[in-house]
Every structure is written in structure tokens, then in C-alpha cells.
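Analysis of the macromolecular model
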Amino acid sequence: MTPDHPIPPLEAAELAHVLRWYADMGVDAAVDEVPHDRFAESAAVTRQSQAPHASAPIGAAQAVSAHAVAPARSTPASVTASAQDAVLSAQDLAAGAKTLDALRAVLESFDGCGLKKTATQLCFADGNPQAKLMFVGEAPGADEDRQGKPFVGRAGQLLNRMVAAIGLAREDVYIANVVPWRPPGNRTPTPQETAICLPFVLRQIALVNPDIVMCLGGASAQTLLALKDGITKTRGRWHKLRIGGGDLPEREIAVMPTLHPAYLLRTPAHKRLAWQDFRAVAKALSGA
Ligand code: URA
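In this convention, every chain numbers its residues from 1, walking through the sequence in written order. In view of the model being predicted, local features appear only for residues whose pLDDT reaches at least 70, and side-chain atom pairs are presented and counted only at 80 or more, with totals across whole chains, interfaces and linings using the full set of residues. Heavy atoms throughout the structure, all of them, feed into the side-chain values; hydrogens and water do not.

**Details of the overall build of the chain**
To keep it simple, the criterion reads: Only DSSP runs of H or I reaching four residues or more are called helices, and only runs of E reaching two or more are called strands; each is numbered from the N terminus. Think of it in three bands: residues with accessible area under 20% of the maximum for their type are buried, residues over 50% are exposed, and the middle band is partly exposed, with areas taken using a 1.4 Å probe on protein chains only. In what follows, a contact means two residues having at least one pair of non-hydrogen atoms within 4.5 Å. Computed with the Shrake-Rupley method and a 1.4 Å probe, the accessible areas treat only the protein chains shown as cover for residues.
Scanning the chain for helices and strands turns up twelve helices and seven strands. In the chain, buried positions account for 42% of the 288 residues. Of the contacts formed within the chain by residues at least 6 apart in sequence, a portion of 72% connects residues at least 24 apart. Carbon together with sulfur atoms contributes 56% to the accessible area of the chain, which is approximately 15,200 Å² in total.

**Some thoughts on the site of the ligand**
How we decide: Residues are classed as near a molecule or strand on a simple rule: at least one heavy atom within 4 Å of it. Residues are grouped as follows: Ala, Val, Leu, Ile, Met, Phe, Trp, Tyr, Cys and Pro are nonpolar; Asp, Glu, Lys and Arg are charged; all remaining types, including Gly, are polar.
Contacts to the ligand come from Gly137, Glu138, Ala139, Pro140, Glu144, Pro150, Phe151, Asn177 and His260. Relative to its unbound accessible surface of 240 Å², the ligand loses 91% to contact with the protein. Across the shell around the ligand, the residue classes tally to four nonpolar, three polar and two charged.

**Notes on unusual backbone geometry**
At phenylalanine 151, a residue that is not glycine, the phi angle is positive and equals roughly 50°. Within the secondary structure, phenylalanine 151 sits in the loop between α6 (142–147) and α7 (154–165). Judged by its relative accessible area of 5%, phenylalanine 151 falls in the buried class. The backbone of alanine 226 shows a phi angle near 55°, a positive value even though the residue is not glycine. As for its position among the elements, alanine 226 is in the loop between α9 (218–225) and α10 (231–234).

**Describing the nonpolar core**
To keep it simple, the criterion reads: We call a set of buried Ala, Val, Leu, Ile, Met, Phe, Trp, Tyr and Cys residues a nonpolar core when their side-chain atoms join them within 4.5 Å.
Formed by 68 residues in total, the largest nonpolar core has its most connected members in Phe135, Tyr174, Trp181, Ile205 and Leu224. No other element matches the eleven residues that helix α8 (residues 191–208) contributes to this core.

**Some points on the pattern of salt bridges**
Note the cut-off: By definition here, a salt bridge exists when the distance from a side-chain nitrogen of Lys or Arg to a carboxyl oxygen of Asp or Glu is within 4 Å.
Within this structure, the stated rule accounts for eight salt bridges. The salt bridge involving arginine 146 is made with aspartate 143; its shortest N-O contact spans 2.8 Å. In this pair, arginine 146 and aspartate 143 both sit in helix α6, three residues apart, roughly one turn of the helix. Arginine 235 serves as the salt-bridge partner of aspartate 277, at 2.7 Å between the closest nitrogen and oxygen. With aspartate 277 in helix α12 (residues 271–285) and arginine 235 in the loop between α10 and β6 (239–245), the pair connects residues that are 42 residues apart, well separated along the chain.

Okay, here's the thing in C-alpha cells:
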């Protein structure tokens, strides 16, 4: 815009069209007053991550696959120095939470993850804290953000049916996400956001102490198990997650990654693969 050629103000109907177009494109939250060039920011982060000091260990928990011991988990190379401070603070706070209620309270007051600003509320967990089976998804969507509970939308309804198919009710299992705040427009959480939230979900798993964790989707499996492979390679096989340490006994939990229910809604032909995974879990839970 220049003073010689000002852009005429938009009429209300035109503005409504623009807003509708934004919403259709997934832009449903105002994040800041000015635009950000995320491409330039991530290029700067990549340059910084090549500096020798850039990565630091993020915790005692490590993932081991059934076949090989995975390398110790460390913050992704793309995590900035300020995000590393947030990760360290998240580790301290998570380690100090002695109960699930305390962990929820810590998350309610934690300001280290920017997603908290755009989310309606914390989406901590649903289900039975004494469950033998725990599900971990990626991040809340719009329905979850509104209700403050994970997996309550269409994907959650499919999850309920899958749980019922192995003879359990939603109230028998415990459900959480790697990231407990909804990313605006349901975008994928950034590596920073995931790294900052990871200590909390690891502590959540340690406090629930289930026999089995099912990772719902590739993002959850890659994060919890520190794996690079996608879900088509990791699903259907048992992995192990080392959990606890410090004030809680250290132990390995069996982890079964499976396809995300939202993916299954789009690709119903693959439901049979998820069914195989759920059957393997049901068998393991029954001790057979
Ligand atoms: N997808 C997720 O990964 N988690 C939810 O809670 C809902 C949808």
C-alpha cells in the first residue's frame, strides 16, 4: 500500500469471505499482531543447530526397540537455545510432580510452550489413572480443545469403538497426548513444542505406570520411542520405553505403535492393520 494508491477498505461481506477462506485453510486462531517469516526463522535455527553447543540431553528416559537399543534421546538438532531452556525447566517441573494432579497443576502454570497462548485450555488426560493400557496421541484437535479432554472428536469415537472391540471401555483405559495444547489450525507441533512437552508426557506415563502404551500415529511413536521410521514400519511390533528413575522405580514399558484413528477415518481399508495391533495388545494384557 502507498499513500498514492491506498487499498480501499473491504466491505463487511468481503471481509467475511476472507475470514471464511482463512478458516477453510485451517487458519482459525490469531497468533500474533504481525506476520512471521517461518521459513527465515527455521533457516536461522538450522544454522544455529550446527553450532557444537546446540543439543543437550533432555532426560533419563530412553526408548529401546525390541531389537536394538536406541541411542539416548536428545533434543532435536532444530531446537533453539531458548527452547532448550524451556525443555530444562519442563524436566525439572515434571520430575518434581509426585502425582498426576500435581503434574496437571504444573502444566496449568507452565508458560514455556507457546501453544498454551493459542489453545483454549489444557487437554491433560481422560480415563482411568490406574489403567493397564494407556494411549498417547499427538496433540488435541478443535473438539478436544473445546472440551479439555483428549480424543473426544470423530477420531476419539473411533478409538472408543476400537477399545470396545478388545472388551474394554473408555473408562478402563487412560488417554493422553504428547502435546497437551492444541496447535492453531491443527498444524503439526514443531520439534521445539514437542521437545518442551516431552518431559511432561514421560512423567505422565511413569505416574500412570501402565503395562502397555499404545502410540496413536507416527508422531507419537517417533517422539516417545526416539525413532525416525514412520508408522508403517514401526506399527505392529513391540517396542520398549524405559521410564521412571529418580523418585520412581525405573522400568521398561511395552509399547505398541498403531495407526492414528484420524488416519483410519480417511483410510478405512487400513483398519484391519490397526485391528491386528489391538488384538496383539489384548492378548498381551490377558497374559496369553
Ligand atoms: N488427535 C490426537 O492426536 N489427539 C487428540 O486428542 C485428538 C486427535
